[in-house]
Amino acid sequence: MPHRSFHASRPFLILGLLLAGWLLVPTLVKRVLGISFFELQAPVSVAASHVRDLQDFWSLRTRTRHDLIAAGRDLARLNASYEVTLQQTETLRREVARLEALLRIPTLPGYRSEPARVARRDFNAWWQRLTIRKGRNYGITVGSPVIFSGGVVGKVAEVHAYTAVVDLISSPTLRIAATLEGDSRPLSFQGGNNPAFGPARGIVDYVPTDASASEVMPRRIVTSGLGGVFPAGLFIGEITRLETSTDGLFKTGEVRLDSRLAELTEVTVLVPERAD
Amino acid sequence: MRRTIVFFFTQFLLWGLVSQVNHELTPWGIALFMGGLFVGFSALHFERREALIGAFAAGFLHDVGTPLPFGTHAVVFATAVIFIQHVRHRLNRHEGLITVMVILIANLGLFLAVSAVAVRLLPDAGGLTSRVFSDLIASQLTLALVAPWFLALQAKALEIAGVAAPAEPGPRSYP
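Throughout, a residue's number is its position along its own chain's written sequence, starting from 1. Chain A is the first chain written and ligand 1 is the first ligand written, with later ones labelled in order. Confidence filtering applies because this is a predicted model: local features only for residues at pLDDT of at least 70, side-chain atom pairs given and counted only at 80 or more, and all residues used for totals across whole chains, interfaces and linings.

Attention shifts here to the overall build of chain B. Helix numbering and strand numbering both begin at the N terminus, where a helix is a DSSP run of H or I of at least 4 residues and a strand a DSSP run of E of at least 2. When you go through chain B residue by residue, the secondary structure sums to 6 helices and 0 strands. Secondary structure elements of chain B, listed N to C terminal, follow the sequence α-α-α-α-α-α. For a compact globule the rule gives 2.2 Å times the number of residues to the power 0.38, and the radius of gyration it is set against comes from C-alpha atoms. On C-alpha atoms alone, chain B measures out to a radius of gyration of 16 Å, which is about the 16 Å that the 2.2 N^0.38 rule sets for 175 residues. In terms of overall dimensions, chain B has C-alpha extents of about 50 × 40 × 30 Å along its principal axes. A burial count over chain B gives 43% of its 175 residues as buried. Any residue with 12 or fewer other C-beta atoms within 10 Å of its own C-beta is exposed, any with 20 or more is buried, and the rest are partly exposed; the C-beta atoms used are placed from the backbone.

Structure follows, in structure tokens:
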């Protein structure tokens, strides 16, 4: 009888030994395993995204010449307006540099823009991540901010040989220092619960009690620039609900994020420029 | 060894397909979890050592690129293999429907186990019940549809490589 009970529990003993063994495996070995498996997967994701790009290319080839002429005309108008904006930016940049020299204040950190195609989106109930088609080969570093035309996308969480993983702002694992647009008081933004069949949402904490927001009159929040990761003034989302926190000192609320975050195909990584 | 490599190749193919489907599903706010399909065949037909190697390999495929500690999926998948192998002698594992049922139950258990680990990431997991429930329903439905195809693919791949799982007698009867 004892022999039979030992025989029955033997698999669980093996499992226990396996678990204990895994806990004792050196971190270096786990890290090498992790990198190996990631680099094994990366070509699949990258190849699939190239195939999607090719599909887009061939679907665009079916457009008529008239469509192309109209698109070219729109693009020319956009380019003209961007040219003006570039000139204004350059003037402002020179003015900032002059004032910094005059007041002897340290120069604000600069960023190099690195556009990257999205190879894979991995959004589930627990985390929301993107794999992009640029990594160490383009000098991308862990912690670099990632943006798109609609504002903040997230932050680089992992960098590999030729891909990088980005934590989205809708992911509960990401927290950002933010402010209400037109207000300098800092508040805390964190990715929240993402419902099925609906846009991603976030949570704000430490909102000043005099602030108000609703679905009808939402308040925009932008990055504060505190913490040194994100430049100040980048759009995050709109607060649609605010209520007083349990301690009564601040307000907490819900943030509506850009619905395009779930369909991103291209993002820009802001790689911090080194002082040297 | 050859069987393990061929089996890993089929798992890798499944991982690639599931990740691409999940990529396309992001605008709808739904994600599929197919963990049961990665461990079901090996747990029912392979020896313990081979099945555990398969479970760890599949787990590592799931672990990379996630915020969970590396090895979380691997350990959970290995646990599922041990549980399935503990009861497999009572099942007619060559019956397709039974295999699919085992995979569905394993997938449910794995989904809940991974959720229990991942819940620590969330500031307020209470509001997420509907999302978790809809992901689970979508995963189980898809699994029920694709499991027969994938099991046949795995069996055929092993057969082509000349390393098919050994045919074993049906359920053992106890007095």
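Attention shifts here to the interface of chain A and chain B. By the convention adopted here, residues make contact when the C-beta atoms placed from their backbones lie within 7 Å. Each side of the interface is counted separately: chain A has 39 residues, and chain B has 37 residues. Contributing elements (two or more residues each) for the side of chain A that touches chain B: helix 1 (2-24), helix 2 (27-61), strand 1 (111-123) and strand 2 (128-132) of chain A. Element by element, the count of residues in the side of chain A that touches chain B is highest for helix 2 of chain A, at 9 residues. When residues are sorted by character, Ala, Val, Leu, Ile, Met, Phe, Trp, Tyr, Cys and Pro go into the nonpolar class, Asp, Glu, Lys and Arg into the charged class, and all the rest, Gly among them, into the polar class. Across the side of chain A that touches chain B, the residue classes tally to 23 nonpolar, 10 polar and 6 charged.

Where a domain begins and ends is set by an automatic assignment or by a domain database. Per the domain assignment, the segments of chain A are domain 1 (2-61) and domain 2 (175-263). Computed over C-alpha atoms only, the centres of domain 1 of chain A and domain 2 of chain A are separated by 36 Å.

On to the sheet that holds strand 8 (residues 201-207) of chain A, then. Paired strands, in this sense, are two strands between which DSSP finds at least two bridges. Taken together, the 6 strands give a closed barrel; going around it, the order is 6-7-8-11-10-9 (chain A), and neighbouring strands pair in antiparallel fashion. This sheet shows a mean twist of 40° between the axes of neighbouring strands, independent of strand direction. To define axes, lines are fitted to C-alpha atoms, for helices over the stretch in contact only, and angles between the resulting N-to-C directions are given on a 0 to 180 degree scale.

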